[in-house]
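Results of the structural survey
Each chain, letter by letter, is given below.
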Amino acid sequence: NAGVTQTPKFQVLKTGQSMTLQCAQDMNHNSMYWYRQDPGMGLRLIYYSASEGTTDKGEVPNGYNVSRLNKREFSLRLESAAPSQTSVYFCASSVIQNTEAFFGQGTRLTVV
Amino acid sequence: KQEVTQIPAALSVPEGENLVLNCSFTDSAIYNLQWFRQDPGKGLTSLLLIQSSQREQTSGRLNASLDKSSGRSTLYIAASQPGDSATYLCAANQAGTALIFGKGTTLSVSS
């Protein structure tokens, strides 16, 4: 049982480049989330999707866009990467909003 | 705005000791509270989920309690082992949003 799968695991980008972080879950969950984790800041919510077809901003949405491609997949796009976006990104899912959440293994992104 | 605080930021104990990790939150209007474990360079593993109507949950050597009125939750680890060394995160779940995390307590258990 794979759970929540994130790709890639590691990525180095140059300032100004774009990329998409992929997330897929095989638990038939309705809600999906993107967080970033920074030293001293903890995990902060970027965007979430309460159900297929809906997305909402979290605490730190600036510089990011998301797409809920279908029930399984929720992608995070950086249109023009900045060094401040260097972080570890986590995707999570839950049956519905406000139920137990399960996390992927993370994507470690460095922007130089 | 909900804020979640975990004290202490780091804790070192000898093997076999019982210990308590603390979590406090500012807004008592939560659906549930979830405790996670994170090993270095890894993702988050869910340990326990306490519903707002519950007082505690147990899993093996772990016991989590919830007191909404005082805005506090504790994670009790019995008979600690070196394998328990990790960062423990608590997160509060509120209506209309997603989990709001504390910054974690990094636990080191020495043999």
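You'll find the structure just up there.
The next subject is the nonpolar core. Leu21(B), Leu33(B), Trp35(B), Leu75(B), Ile77(B), Tyr88(B) and Leu107(B) are the most contacted members of the largest nonpolar core, which totals 22 residues. In this structure, Leu33(B) is in contact with Cys23(B), Phe25(B), Leu48(B), Leu49(B), Ile50(B), Leu66(B), Ser73(B), Cys90(B) and Ala91(B), ignoring residues within four places of it in sequence. The next biggest cluster of nonpolar side chains, apart from the first, holds 20 residues, and it includes Trp34(A), Val60(A), Leu76(A) and Ala81(A).

Residues and elements named next belong to chain A. Strand order in the open sheet formed by 4 strands is β1-β3-β8-β7, with antiparallel pairing between adjacent strands. In this open sheet, the two strands that pair with only one neighbour each are β1 (4–7) and β7 (64–68). Taking each pair of neighbouring strands and ignoring which way they run, the sheet shows an average axis angle of 20 degrees. Looking at chain direction, β7 and strand β8 (residues 74–78) are connected through 5 bridges and run antiparallel.

Oppositely charged side chains can form a pair if their charged atoms are brought close together. All names here are of chain A. What the rule picks out here adds up to 6 salt bridges over all chains. The salt bridge involving Asp38 is made with Arg44; its shortest N-O contact spans 2.9 Å. For Arg44, a relative accessible area of 17% translates into the label buried. We note a salt bridge from Arg77 to Glu79, for which the minimum N-O separation is 3.2 Å. According to the relative accessible area criterion, Arg77 is partly exposed, its value standing at 29%. Residues participating in the shared-partner salt-bridge network are Arg36, Asp38 and Arg44.

Residues and elements named next belong to chain B. Positionally, Asn63 belongs in strand β7 (residues 62–67). Of note is the side chain of Asn63, whose polar atom sits 3.2 Å from the side chain of Glu56. Looking at Asn63, its side chain comes within polar contact range of the side chain of Thr58, at 2.8 Å. Leaving out residues up to four positions away in the same chain, Asn63 has contacts with Leu48, Glu56, Gln57, Thr58, Thr74, Leu75 and Tyr76.

What counts as what
Residues numbered from 1 in each chain as written. Chains lettered and ligands numbered in written order. Predicted model: local features only at pLDDT ≥ 70, side-chain atom pairs only at ≥ 80, totals over all residues. Heavy atoms only, no water. Core = buried A, V, L, I, M, F, W, Y, C linked by side-chain atoms within 4.5 Å. Buried < 20%, exposed > 50% of the residue type's maximum accessible area, 1.4 Å probe, protein only. Contact = heavy atoms within 4.5 Å. Pairing = 2+ DSSP bridges. Helix = DSSP H or I, 4+ residues; strand = E, 2+ residues; numbered from the N terminus. Axes fitted to C-alpha atoms, helices over the stretch in contact; angles between N-to-C directions. Salt bridge = Lys/Arg side-chain N within 4 Å of Asp/Glu carboxyl O. Polar contact = N/O pair within 3.5 Å; in protein donor to acceptor, adjacent residues only side chain to side chain.

Don't take any of this as a statement about function, it's just geometry.
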